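Descriptive structure summary
If you want the building blocks of each chain, they are given just below.
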Amino acid sequence: MPPRADSWPPLSPGERSVAIEVLVHGPLSRSEIARRLGLSPGSLTRLTKPLIASGLLVEVPEAGGRTGVRQGRPSQPLDVVADSRYFLGFKITQDTVYGVATTLRSEIVARRDRALTGHDPAEAVALLAGMTAELSRGLPTVAGIGIGVGGLVEDRAVVGESPFLGWRGVPLAALVEERTGLPVVVENDTAAFVEAETWFGAGRGLDRFVVLTIGAGIGYGLVLGGRRVPYAGDEDRGFGRHWILDPHGGPLTPDGRRGSAVSLLTIPSIRYQVRAATGRDRTYEEILASAAAGEPVPARVVAEAGRALGTLVAQIANFAMPQKILLAGEGVGLMDVAGEAVEEAVRANRHPRAAPVGLETRVSDFHDWARGAAVLAIQVLVLGAAQG
C-alpha cells in the first residue's frame, strides 16, 4: 500500500507569503511578520487564521517560556509544525538513486541510496517506488515527492532531455505518481539544489546569491531579490560549454571545445587530460592526490583547473555582484589542492579595490541534492510557490 498523502487547502498569495516567511525564518512574532511583509495587524490576522486552522502554523511559547494569557491580540510567536508532514526527495545520477525523507523544514530524517543498473525509465520508476516505500516506513504522513534529474525538465513533470541517462520526453512525474499514489514534482537537479540553499542553506536571507557546482558537469544558479532566476526552459543545457575561460588555449577534450569551463573543470575532462598525457586511467581522487604530491602531469592539469575556476568565480562576481558564491558538487576537492591558484586567479581578474568575493565551499554528497528535490516538493505541493 502506498504511503498516505495529505495536503493543505490551496493558499492565497497573501497566505503563501506569510507561510513562507515563517517557514524560512520562524518562529516569528506577529508584529515581526507584519513588519517584514508590510501588513496591517488586521490583514495579518485575516491571513493567519486559516493557516492556524489547517495546522500549517501553530502558536509557540515565547523566548523564556512565557505562555500566559495576555490582554489584547495574542502575542505568541508563530511557527510551522515541522513534523506534521514529511517529504521525499530523490537525486538520480548515471548509476545511483539517492533518496531522503525530510520534515517540512527540510531536516533529513532518513536517507537511502540504491544502484541504478540500467537506464530504462521503467527500471528507474520501479527503483523509485521501492525506495519510496523504504523511506516512508514509520513516517505518519508523507505529502509528496520531489525528483532531481540532470538535464532539461519541462513543466516540472517531464524529463525533456537528460544526456546522463539518455532520456528524452520521459513523463517521470506521472509514472512515479502512478506507482506510489503520491504527488510528484520533477526538476533540474541544480535548480532544486539552489532552491534548498536559498531557503534553508547558505543563501538564506541574501538578496543576491550564486550557486556554482563542479563535478560531472558545471551547474549554475543565480538568485536575485531572494528568488532563483529561471533559465527560460534552458536549465542545465550548455552553461559550462558556452562559458569560455581561455578562447586561445586550454585542452582539447572529447566535446571538441577548447578553453570552456567544461573542458577545464569537470571531472571527466580532468581525467581525460591526465589519461591522454600519461596513458593511465585514474580516479579524480587519485589525480588530486598525485597533484598534491607534485607529480608533473596531474599537478599541471589540476593547477590549470584551479586557475580556470578562479577566473570563472571572478567573472561571476564581476557581472552578478553576489553577496556570496557557494561552490559545491563532487568536484570541490579541487579547492584543497589548487586553492592558492584559485585565489590568485580571482585577484588577477578583479579590480584591485573590489570587495573580496564571498566564496563558500561546501563538501556535499548527493543526499544534499536529494534534499533539494524535497524542498521543491515543499514549495510546489504545500505552498504553491512557483519559482519559474
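Summary of the structure given here. For clarity, every value in this text was computed on a predicted model and none was experimentally measured.

**Observations regarding the environment of Asp120**
Locating Asp120 in the fold gives a position in the loop between strand 5 (108-115) and helix 4 (121-136). Among the residues examined, Asp120 registers a relative accessible area of 46% and is labelled partly exposed. In sequence terms Asp120 and Leu165 are 45 residues apart; their C-alpha atoms lie 8.6 Å from each other. Polar contacts involving the side chain of Asp120 include one to the main-chain amide nitrogen of Ala122, which spans 2.9 Å.

**Brief notes about the pairing of strand 4 (residues 96-102)**
In terms of burial, strand 4 is a largely internal element, 7 of the 7 residues being buried. On strand 4, burial covers both faces: Thr96, Tyr98, Val100 and Thr102 on one face and Val97, Gly99 and Ala101 on the other are all buried. Note: strand 3 (residues 86-92) against strand 4, 6 bridges, orientation antiparallel. Pairing of Gly89 across the sheet is with Val100, part of strand 4. In this sheet, strand 5 lies alongside strand 4 in antiparallel orientation, the contact comprising 7 bridges. Bridge pairing in strand 5 links Tyr98 to Asp113. The hairpin turn running from strand 4 into strand 5, its antiparallel successor, is 5 residues long, and Ser106 in that turn takes a positive phi close to 65°.

**Some points on the side chain of Arg105**
Within the secondary structure, Arg105 sits in the loop between strand 4 and strand 5. For Arg105, the side chain forms a polar contact with the main-chain oxygen of Leu23, separated by 2.9 Å. Residue contacts for Arg105: discarding those within four places in its chain leaves Val22, Leu23, Gly26, Asp79, Val80, Ala82 and Phe200.

**Let's talk about the pairing of strand 14 (residues 324-328)**
If a strand is regular, its side chains alternate between the two faces of the sheet. With 4 of its 5 residues buried, strand 14 lies for the most part within the structure. The pairing of strand 11 (residues 208-214) with strand 14 spans 5 bridges and is classified as parallel. Across the sheet, residue Val211 finds its bridge partner in strand 14, namely Leu326. Judged from the 3 bridges that link them, strand 14 and strand 15 (residues 359-361) form a sheet pairing that is parallel. Residue Leu327 lies in a different strand from strand 15, and its bridge partner there is Thr361.

**Looking at the nonpolar core**
Formed by 36 residues in total, the largest nonpolar core has its most connected members in Leu212, Leu265, Leu309, Ile316 and Leu334. Every element with two or more residues in this core is listed here: strand 11, strand 12 (218-224), helix 8 (261-265), helix 9 (267-278), helix 10 (284-292), helix 11 (296-320), strand 14 and helix 12 (334-348). Among the elements that take part in this core, helix 11 stands out by supplying 10 residues, more than any other. Of all hydrophobic cores here, the second largest spans 29 residues; its members include Leu23, Ala34, Leu78 and Val375.

**Quick look at the sheet that holds strand 6 (residues 142-149)**
The mixed open sheet is built from 5 strands, whose spatial order is 5-4-3-6-10. Across the chains shown, the open sheet's two edge strands, defined by having one partner strand only, are strand 5 and strand 10 (184-188). Averaged over all adjacent pairs, the angle separating strand axes in this sheet is 20°, with direction ignored. Contacts between helix 13 (residues 366-382) and the sheet are confined to strand 3, strand 4, strand 5, strand 6 and strand 10, with strand 3 contributing the most and set at about 130° to the helix.

**Details of the sheet that holds strand 15**
Strand order in the open sheet formed by 5 strands is 13-12-11-14-15, with mixed pairing between adjacent strands. Each having just a single partner strand, strand 13 (227-228) and strand 15 make up the two edges of the open sheet. Along the sheet, helix 11 makes contact with strand 11, strand 12, strand 14 and strand 15, crossing strand 11 at roughly 160°.

About the criteria used
- Think of each chain on its own: its residues are numbered from 1, step by step along the sequence as written.
- The predicted nature of this model means local features are confined to residues of pLDDT at least 70 and side-chain atom pairs, given and counted, to a pLDDT of 80 or more, with totals for whole chains, interfaces and linings taken over all residues.
- Hydrogens are left out, water is left out, and the side-chain values use all remaining heavy atoms of the structure.
- Secondary structure counts use DSSP, requiring at least four H or I residues in a row for a helix and at least two E residues in a row for a strand, with both numbered from the N terminus.
- For the exposure calls, accessible area comes from a 1.4 Å probe over protein chains only, and a residue counts as buried if that area is under 20% of its type's maximum, exposed if over 50%, partly exposed in between.
- We define a polar contact as two N or O atoms separated by no more than 3.5 Å, with the added condition that, inside protein, one atom must be a possible hydrogen donor and the other a possible acceptor, whereas residues neighbouring each other in sequence contribute only through side-chain atom pairs.
- For two strands to pair, DSSP has to find at least two bridges joining them.
- Only heavy atoms enter the contact rule, under which two residues are in contact if any of them lie within 4.5 Å.
- Take the buried Ala, Val, Leu, Ile, Met, Phe, Trp, Tyr and Cys residues and link them wherever side-chain atoms come within 4.5 Å; each set so joined is a nonpolar core.
- For helices, the fitted line uses only the C-alpha atoms of the stretch in contact; every axis is such a line through C-alpha atoms, and the angle between N-to-C directions lies from 0 to 180 degrees.

Everything listed is a geometric property; what it means functionally is a separate question.
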